[in-house]
Amino acid sequence: MDLKYNATYEAFRQEVISFLDVHWPAPDSAGESRAEKEAWFRKQAIAAGYLYRGVPREFGGSEQEADILKATIIRDEFGKRRAPMEAPGIGNMMLVPTLLECGTQEQKERFIPKTLTGEYHWAQGYSEPNAGSDLAALRTRAELVEGENGMEWSINGQKIWSTLAQFAQYMFVLARTEPEAGKHAGISYLLIDLKNPGITIRPIKQVTGGKEFCEVFFDDARTPADWIVGERGEGWTVSKATLAHERSSIGGAQTAVGLFEKLIELAKGVQYQGVTAIEHPQIRERLVILEGYVQSHLYSSYRQLSMAAAKQNAGRIGLMNKLINTNIGHMVADIAKDLINDAALLMPPTRGRAEGDEKWLNQFFGSLGVAIAGGTSNIQRNIIAERGFGLPRDDAE
Ligand SMILES: Cc1cc2nc3c(=O)[nH]c(=O)nc-3n(C[C@H](O)[C@H](O)[C@H](O)COP(=O)(O)OP(=O)(O)OC[C@H]3O[C@@H](n4cnc5c(N)ncnc54)[C@H](O)[C@@H]3O)c2cc1C
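Residues numbered from 1 in each chain as written. Predicted model: local features only at pLDDT ≥ 70, side-chain atom pairs only at ≥ 80, totals over all residues. Heavy atoms only, no water.

As annotated in an unreviewed UniProt entry, the protein is Acyl-CoA dehydrogenase family protein from Spongiibacter nanhainus. Comment text from UniProt for the protein, heading Cofactor (unreviewed entry), reads "FAD". Recorded in UniProt for the protein, the comment headed Sequence similarities (unreviewed entry) runs: "Belongs to the acyl-CoA dehydrogenase family." (UniProt positions renumbered as here; feature names shortened; annotations may be inferred.)

Laid out in structure tokens, this is it:
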């Protein structure tokens with residue numbers, strides 16, 4: 001494994017640094033609010049070829065050849081300056097790649113540019129009360145009916161755990177369009193304007209006091225016949241469409257490293273059983289074990305980066321990223337919760353907004369959620385066992 005970049009990539013890094021010197025922080029003339037400055041900066045970064053590299057220019061991207069090393073350099077240098085990366089959210093992470101791969105020209109033109117700029121917010125409508133890990137058991141139905149403006153899908157059913165649906169304008173939904181077909185067949189991928197009649201969105205109150213998830217009910221909700229992505233009955237395949245390059249391949253080890261560093265700062269600044277926490281033998285032991293995991297994960301991510309740069313598939317190592325990140329996030333939060341002592345009794349207002357030590361409690365609750373979101377840790381273990389090690393299929397599946 002070679003951990004150094006060659007001269008071409010080091011020159012690229014200098015270009016990125018020079019770009020940031022000029023453009024971030026954004027000059028005063030770029031707008032008044034932080035949001036305006038970020039929007040201005042993103043525009044410059046797209047023009048320079050640094051953001052939305054996998055998205056064609058006609059849909060608002062910078063259309064660059066996939067290059068995992070350049071993508072890594074951009075992320076590292078932007079990260080060091082806390083410069084805005086691509087607008088966060090489900091729309092950019094999931095819908096844009098899906099439309100690029102499977103959408104019609106009209107769908108791409110209509111939805112991608114405003115999703116990239118953060119103007120359109122999307123919610124994901126996959127899970128249902130009895131269809132989470134077993135997603136193909138979903139029961140929400142859609143049928144084609146005559147509407148006021150031609151043929152429309154009439155949607156009936158319920159979704160649950162739809163993140164931030166109360167603030168979204170649109171939702172992408174998996175619905176059964178051929179109820180007689182087998183479990184994985186007969187599902188279609190539909191886009192819905194959440195302002196349409198027949199849609200009720202009910203936020204769910206969480207243990208933290210926040211309301212990040214919603215139940216969404218469809219009662220003869222309508223969406224145009226051509227707001228289907230991919231072919232009718234092939235939504236299962238469409239739902240798996242992902243970006244084939246760059247973003248997905250590294251596994252976020254840097255986040256784990258950053259979290260660990262913050263934990264060390266915390267341990268240096270608080271008292272635990274009468275001594276500075278970092279000096280306490282039990283805390284030191286927990287930190288050393290954790291550091292072992294963090295370092296292994298970091299070097300595994302370097303290995304995957306080298307493999308991706310050499311156009312090799314990371315195979316079973318790649319399958320482990322989500323599980324390892326989740327486990328590290330939970331271990332960090334668990335130690336932090338013990339270190340902050342009585343501050344752990346204070347309930348932070350909502351996730352991410354707490355200022356004091358109690359913000360670690362948000363990290364703790366969040367780490368429990370991450371172990372469920374996007375495929376639970378147990379399902380992840382099954383995938384590693386079956387696809388990675390070739391063990392027999394679990395009977396429960
Ligand atoms: C933070 C967060 C955000 C989310 N956002 C969204 C969203 O925006 N849109 C959306 O559609 N959904 C969303 N979800 C829902 C999420 O996808 C589901 O919660 C998840 O798929 C698990 O499904 P479930 O809750 O029905 O649990 P279940 O599938 O009922 O699982 C319960 C337990 O049984 C275990 N289990 C189930 N089957 C097996 C098996 N075969 N082998 C071994 N163990 C098994 C699971 O691991 C788990 O421990 C979100 C969830 C979270 C926590």
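Moving on, there is more to tell.
Counting through the fold element by element, Met-331 comes out in helix H10 (residues 321-340). Residue Met-331 is classed as partly exposed on the basis of its relative accessible area of 24%. Apart from residues no more than four positions distant in its own chain, Met-331 is found in contact with Ile-289, Leu-290 and Tyr-293. (Helix = DSSP H or I, 4+ residues; strand = E, 2+ residues; numbered from the N terminus. Buried < 20%, exposed > 50% of the residue type's maximum accessible area, 1.4 Å probe, protein only. Contact = heavy atoms within 4.5 Å.)

Counted by the stated rule, this structure contains 20 salt bridges. One salt bridge connects Arg-13 with Glu-10, and the closest N-O pair in it is separated by 3.2 Å. Taken together, the residues span about one helical turn, with Arg-13 and Glu-10 both in helix H1 (residues 7-23) at a distance of three residues. A residue is classified by how much of its surface remains accessible, and Arg-13, at 12% relative accessible area, is buried. Its relative accessible area of 31% is what places Glu-10 among the partly exposed residues. For Arg-232, the salt bridge identified is with Glu-178, shortest N-O distance 2.4 Å. Residue Arg-232 is located in the loop between strand S8 (228-229) and helix H6 (235-239), and its partner Glu-178 is located in the loop between strand S4 (170-176) and strand S5 (187-193); the two are separated by 54 residues in the primary sequence. (Salt bridge = Lys/Arg side-chain N within 4 Å of Asp/Glu carboxyl O.)

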